[in-house]
Amino acid sequence: MKPMPKLEGKDHTAGMLREGYQFLRNRRKGLQSDVFETRLLGEQVITLSGEEAARLFYDTEKFVRKGAAPKRVQQTLLGEKGVQTLDGDAHRHRKEAFMSLMAPDKIRQLKEMAAGQWERTVADWEQQEEVNLYKEAQELLMRLACQWAGVPLKEKEVKDKTETMVKLFETPATLGYAHWKGKKARDEMEEWIGELIKSVRKGDLIPFEGTAMHVFSHHRDIKGKLLSEKVAAVEVLNIVRPIVAISIYIAFTGHALIQHTEEAKKLSSGKEKDLQNFVQEVRRVYPFFPFNAARVKEDFEWNGYVFKKGTLTILDFYGTNHDPKLWNNPDVFNPSRFADEQITPYNLIPQGGGDYIENHRCAGEWVTLEVMKVSLDYLANRMSFDVPEQDLSYSLVSMPSLPKSEVILKNVKRKV
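Residues numbered from 1 in each chain as written. Predicted model: local features only at pLDDT ≥ 70, side-chain atom pairs only at ≥ 80, totals over all residues. Heavy atoms only, no water.

Draft legend 1. Layout of the environment of T313. One can find T313 in strand β8 (residues 312–316). For T313, a relative accessible area of 0% gives the class buried. Taking the C-alpha atoms as reference points, T313 and R283, separated by 30 residues in sequence, lie 23 Å from one another. For T313, the side chain forms a polar contact with the main-chain oxygen of T311, separated by 3.3 Å. (Helix = DSSP H or I, 4+ residues; strand = E, 2+ residues; numbered from the N terminus. Buried < 20%, exposed > 50% of the residue type's maximum accessible area, 1.4 Å probe, protein only. Polar contact = N/O pair within 3.5 Å; in protein donor to acceptor, adjacent residues only side chain to side chain.)

Draft legend 2. Region of interest: the sheet that holds strand β9 (residues 383–386). Pairing in this open sheet of three strands is antiparallel, and the strands run β4-β10-β9 from one edge to the other. Two strands close off the open sheet at either side, each with one partner strand: β4 (130–132) and β9. Strand-to-strand twist of the sheet, defined as the mean angle between neighbouring strand axes without regard to direction, takes the value 50°. Lying on the sheet, helix α6 (residues 104–125) is in contact with β4, β9 and β10 (408–414); it crosses β10 at an angle near 110°. Here helix α7 (residues 133–149) sits on the sheet in contact with β4 and β10, set at roughly 70° to β4. (Pairing = 2+ DSSP bridges. Axes fitted to C-alpha atoms, helices over the stretch in contact; angles between N-to-C directions. Contact = heavy atoms within 4.5 Å.)

Draft legend 3. Inspection of the packing of aromatic side chains at higher detail. Tallied over the full model, the rule gives 20 aromatic pairs. Between F57 and F63, the aromatic rings sit 5.8 Å apart at their centres with planes inclined by 35°, giving tilted as the arrangement. On the accessibility criterion, F63 (2% relative accessible area) is buried. With centroids separated by 6.3 Å and ring planes inclined at 90°, the aromatic side chains of F63 and F307 adopt a geometry described as edge-to-face. Linking F63 in strand β3 (residues 63–64) with F307 in strand β7 (residues 305–307), this pair joins segments that are 244 residues apart in sequence. Judged by relative accessible area, F307 falls into the buried class, the value being 0%. Above the face of the Y305 ring, K2 is positioned so that its terminal group lies 4.7 Å from the ring centre. Over the ring of Y378 we find R382; its NZ or CZ atom is 5.3 Å from the centre of that ring. (Phe/Tyr/Trp six-rings, centres within 6.5 Å; stacked < 30°, edge-to-face > 60°. Lys NZ or Arg CZ within 6 Å of the ring centre and 35° of its normal.)

Draft legend 4. Representation of the pairing of strand β1 (residues 35–40). Across the six residues that make up β1, a large majority, five, are buried. Pairing geometry for β1 and strand β2 (residues 43–48), over six bridges, is antiparallel. Bridging from a neighbouring strand, L40 pairs with E43 of β2. Where β1 folds back onto β2 in an antiparallel hairpin, the turn is made up of two residues, including L41, whose phi is positive at roughly 50°.

Just distances and angles here, no functional claims.
In structure tokens:
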């Protein structure tokens with residue numbers, strides 16, 4: 001046994017808020033350790049980073065998710081009693097319902113729908129002098145998410161519903177009034193979807209079979225009990241909300257195309273592999289989810305360190321995606337790196353790691369990849385635009401982070 005490296009001081013919550021995505025990475029460098037102990041929100045916390053640590057974190061014999069997600073995150077981003085809070089057989093049973101939505105035919109359908117939404121959107125952009133890529137992507141993705149998930153959405157509702165949905169992923173790390181707005185938005189979204197689920201169960205609304213609305217309206221838990229309307233609404237939102245959140249990645253995709261013109265030129269052939277590598281590098285380099293949390297299931301020892309039952313443990317997503325032991329020149333945007341540097345379930349983890357069924361890796365990661373590839377193809381190859389002067393810098397303190405200008409495009413034209 002050996003003592004675990006530890007940050008001195010009573011609590012480091014203020015430091016995390018001050019440094020954002022870089023907090024854990026900076027402390028890891030200072031302590032020269034992939035594991036260390038600190039205190040956050042008044043609680044002892046073990047932090048982990050790197051591929052080996054990620055493999056440990058996703059060991060279901062050593063960690064559980066129950067009681068790990070902060071209440072403020074459940075009140076905004078995740079909702080309560082959703083799949084992210086489950087463990088063991090209950091988690092596996094619920095996760096299988098999610099994975100049924102990711103069948104190849106359904107992913108193909110999603111891609112076709114995404115292309116259709118982009119066609120419509122680019123036509124609208126041609127009529128505008130300038131567009132805000134981040135804001136416009138939100139509405140595009142809200143339409144797409146509801147269409148694919150079987151959630152009825154009237155055109156006159158799109159703007160308001162989108163603005164409310166966005167608050168779910170923009171407010172978890174905020175305080176005061178901003179966080180209250182996030183909680184209120186969560187309540188509104190769950191009430192909206194809950195009423196639709198009630199209509200499905202009455203037979204007044206009949207979504208297509210295999211859509212999220214159909215699956216979770218009729219889903220039964222591991223004990224055979226029909227999910228409550230509230231929990232079913234949480235799970236439908238666990239499909240719709242992450243798709244809308246891809247708008248962050250689309251903004252950063254636009255940022256990468258503007259900032260890395262030589263890499264953008266390589267996309268002109270439209271080859272699937274080139275699009276895939278570019279998208280993966282956007283996901284690796286740019287900030288998205290900062291970390292994830294779990295609790296120690298039972299006392300165990302790892303690499304000479306003791307992990308005590310119940311200890312809150314967080315895995316540094318951003319730091320692992322920028323780990324120099326895993327990635328050559330990790331802060332350099334280089335899509336061609338994937339010709340030599342192999343992706344494993346534990347080294348590229350912008351949306352979690354491990355196995356989709358057994359672990360808590362995001363079930364919608366495939367959705368993210370396919371929607372991003374369609375979006376990249378449109379931005380790089382199917383439209384032209386001018387880039388006006390703007391502030392394209394982004395902060396690693398704000399969570400989520402975005403380019404300050406949110407990426408403004410002018411004179412958008414559809415390529416013939």
